[in-house]
Amino acid sequence: MKAIRVHEFGGPEVLRGEDVPEPRPGAGQVVVRVRAAGVNPVDTYIRSGAHAVRPALPYTPGLDAAGEVEAVGEGVERLSAGQRVYVAGSLSGTYAELALCEESQCHPLPEHVSFAQGAGVNTPYATAYRALFQKAGARAGETVFVHGASGGVGTAAVQLARAAGLRVVGTAGTEEGQRLVLEQGAHHVLDHRAPDYLGRLTELTGGRGADVILEMLANVNLNKDLEVLAKGGRVVVVGSRGAVEINPRLAMTRDAAILGMTLFNATPPELAGIHAALTAGLEARTLRPVVGRELPLPEAARAHEEVLKPGAYGKIVLIP
Ligand SMILES: NC(=O)c1ccc[n+]([C@@H]2O[C@H](COP(=O)([O-])OP(=O)(O)OC[C@H]3O[C@@H](n4cnc5c(N)ncnc54)[C@H](OP(=O)(O)O)[C@@H]3O)[C@@H](O)[C@H]2O)c1
């Protein structure tokens, strides 16, 4: 089968198409025919060698995909050949025609959700769900500020928060992105490139500030977030690309909590809860992954360049 392989850590050019042997399912395992694979910023950090997760070389990148069950191993009970699934991690990597998974990594994909959309479920939605509910404990009636709402995690967070009865304010850096954020259900959208856009958040909340902030670029925004946080508010650091200075007094006077998270730390029971909720949301159509761009699998290197550029618009997916 065709797969994208990485033989050395480095820039996007280390992603190369190769023929590799087809995986066979062992006991408790499933082989999925990948119809679309999701591209996430974290795939680029892992590929560069700078991430805490350093796979043994060579490896096939990718954590997310959707497709059909091709074959099941002994003892697999929940899944059968032909079933539509989305994949939450795999044993062999998802930038490939086939992916070898544990049964627990495969979740049903409703008929009305396309494979390209299914490839955008795992990392973005699981992260948004964990940030909102497992970390911040967001409750109906609260206000959430999704600081960076036009990308994969942001659009997911807007849909999840809206369906859960929160008041949602999101941001994007382009007009298209801002439209997209409103279409996903945000009550208000702000432009994080405009001067004093955070003053507008304060106005929108009657001076109280946001109860929950999901932060996609903490190295730029964390101190500013603390200035627009309500008393008892929680900031979840979802993304950060460097260091930042904060004034701890801002947290002190608000009884605020700054919560870090990485999806890689979620325990098996937490993941089971997350995917039960995501499956229900897909079935109920409150969750509708946004596919901004589809690229053929051999263009994985281009996808890695694109996913780090400003002007996010939902997900980039690779089609084998
Ligand atoms: N902790 C975890 O477990 C975890 C899991 C998944 C992702 N992440 C991280 O979370 C971040 C977002 O992931 P993603 O998949 O959603 O990426 P993405 O699709 O590339 O989206 C990035 C988002 O950040 C926004 N942004 C850019 N500049 C900003 C600024 N100055 N202030 C606020 N937002 C800004 C972008 O808006 P515009 O492009 O419209 O300007 C866009 O909405 C990445 O850093 C990723 O590595 C962490």
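Description of the structure in this document. (Residues numbered from 1 in each chain as written. Predicted model: local features only at pLDDT ≥ 70, side-chain atom pairs only at ≥ 80, totals over all residues. Heavy atoms only, no water.)

## Focus: the overall build of the chain
- In terms of helices and strands, the chain carries 10 helices and 15 strands.
- Taken along its principal axes, the extent of the C-alpha atoms in the chain is 60 × 40 × 35 Å.
- Relative to its 320 residues, the chain shows a buried fraction of 54%.
- Long-range contacts, defined as pairs at least 24 residues apart, comprise 65% of the intrachain contacts of the chain with a sequence gap of at least 6.
- In the structure as shown, the chain presents an accessible area of about 13500 Å², 51% of it carried by carbon and sulfur atoms. (Helix = DSSP H or I, 4+ residues; strand = E, 2+ residues; numbered from the N terminus. Buried < 20%, exposed > 50% of the residue type's maximum accessible area, 1.4 Å probe, protein only. Contact = heavy atoms within 4.5 Å. Areas by Shrake-Rupley, 256 points an atom, 1.4 Å probe, with all protein chains shown as cover.)

## Notes on the site of the ligand
- Neighbouring residues of the ligand: 28 residues in total, closest Tyr45, Ser150, His192, Leu263 and Ala312.
- At a separation of 2.9 Å, an oxygen atom of the ligand approaches a polar backbone atom of Val153.
- Within the backbone of Val307, an N or O atom sits 3.4 Å from an oxygen atom of the ligand.
- Surface burial for the ligand is 87%, taken as the share of its 910 Å² of free accessible area covered by protein chains.
- Contributions of two or more residues to the shell around the ligand are made by helix H1 (41–48), helix H3 (122–135) and helix H4 (152–163).
- Taken together, the residues of the shell around the ligand sort by class into 13 nonpolar, 13 polar and two charged. (Near = heavy atom within 4 Å. Polar contact = N/O pair within 3.5 Å; in protein donor to acceptor, adjacent residues only side chain to side chain. Nonpolar A, V, L, I, M, F, W, Y, C, P; charged D, E, K, R; others polar.)

## What to know about the environment of Thr174
- Positionally, Thr174 belongs in the loop between strand S9 (167–172) and helix H5 (175–183).
- Separated by 60 residues in the primary sequence, Thr174 and Arg234 place their C-alpha atoms 27 Å from one another.
- Setting aside its immediate chain neighbours within four residues, Thr174 contacts Arg193 and Gly311.
- In terms of polar contacts, Thr174 uses its side chain to reach the backbone amide nitrogen of Gly177, at 2.9 Å.

## Observations concerning the packing of H3 against H4
- Where H3 meets H4, the closest approach of the two axes is 8 Å, and the angle between their N-to-C directions is 55 degrees. Compared by their axis directions, H3 and H4 come out oblique. Taken as a pair, H3 and H4 cross one another with a handedness that is right-handed. Contact with H3, carried on its side by Pro124, Tyr125, Thr127, Ala128, Tyr129, Leu132 and Phe133, involves Gly152, Val153, Ala156, Ala157, Gln159, Leu160 and Ala161 of H4 and no other residues of that element. (Axes fitted to C-alpha atoms, helices over the stretch in contact; angles between N-to-C directions. Parallel < 35°, antiparallel > 145°, perpendicular 65-115°, else oblique. Left-handed = near helix turned anticlockwise from the far one by under 90°.)

## Let's talk about the pattern of salt bridges
- Summed over the entire model, instances satisfying the criterion amount to 11 salt bridges.
- With a shortest N-O distance of 2.8 Å, Glu142 and Arg234 are connected by a salt bridge. Within this pair, whereas Glu142 is found in the loop between H3 and strand S8 (143–147), its partner Arg234 is found in strand S12 (residues 229–237), the two being separated by 92 residues in sequence. Grouping residues by exposure puts Glu142 and Arg234 together as buried.
- Asp211 is the salt-bridge partner of Arg208, the closest N and O atoms lying 2.8 Å from each other.
- The exposure class assigned to Asp211 is buried, which follows from its relative accessible area of 7%.
- Among the charged side chains, a salt-bridge network with shared partners connects Arg139, Glu142 and Arg234. (Salt bridge = Lys/Arg side-chain N within 4 Å of Asp/Glu carboxyl O.)

## Quick word on the sheet that holds S8
- Taken together, six strands build an open sheet; the order of strands is S10-S9-S8-S11-S12-S13 and the sheet is parallel. One side of each edge strand has no neighbouring strand; the edge strands of this open sheet are strand S10 (188–191) and strand S13 (257–260). Pairs of neighbouring strands in the sheet enclose a mean axial angle of 20 degrees, with direction left out of account.
- Relative to S10, S9 runs parallel, the two sharing four bridges. What sits directly across from Ala172, in S10, is Asp191.
- Relative to the sheet, helix H7 (residues 218–227) contacts S8, strand S11 (210–215), S12 and S13, its axis offset from that of S12 by approximately 165 degrees. (Pairing = 2+ DSSP bridges.)

## Regarding the pairing of strand S4 (residues 64–72)
- Here eight bridges tie strand S3 (residues 29–39) to S4, and the two strands are oriented antiparallel to one another. Across the sheet, the residue bridging to Ala36 is Ala66, located in S4.
- Inspection of the sheet shows S4 paired to strand S5 (residues 84–88) by five bridges, in the antiparallel sense. Of the residues in S5, the one forming a bridge with Asp64 is Ala88.

## A few points about the side chain of His51
- Within the secondary structure, His51 is located in the loop between H1 and S4.
- For His51, the side chain forms a polar contact with the main-chain nitrogen of Val53, separated by 2.9 Å.
- If we ignore the near neighbours within four places in the chain, the residues touching His51 are Val42, Tyr45, Ile46 and Phe264.

## Digging into the side chain of Thr44
- Summarising the element assignment, Thr44 is placed in helix H1.
- Within polar-contact distance, the side chain of Thr44 engages the backbone oxygen of Pro41 at 2.7 Å.

## Overview of the pairing of S9
- For S9, the tally of buried residues reaches five of six residues, placing the bulk of the element in the interior.
- Relative to S9, S8 is paired through four bridges, and the arrangement is parallel. Considered in S9, the bridge of Phe145 is made with Val169.
- In this region the chain leaves S8, passes through H4 and returns to the parallel neighbour S9; the handedness of that crossover is right-handed.
- With H5 bridging S9 and the parallel S10, this β-α-β connection has right-handed handedness. (Right-handed = clockwise from strand over helix to strand, strands pointing away.)

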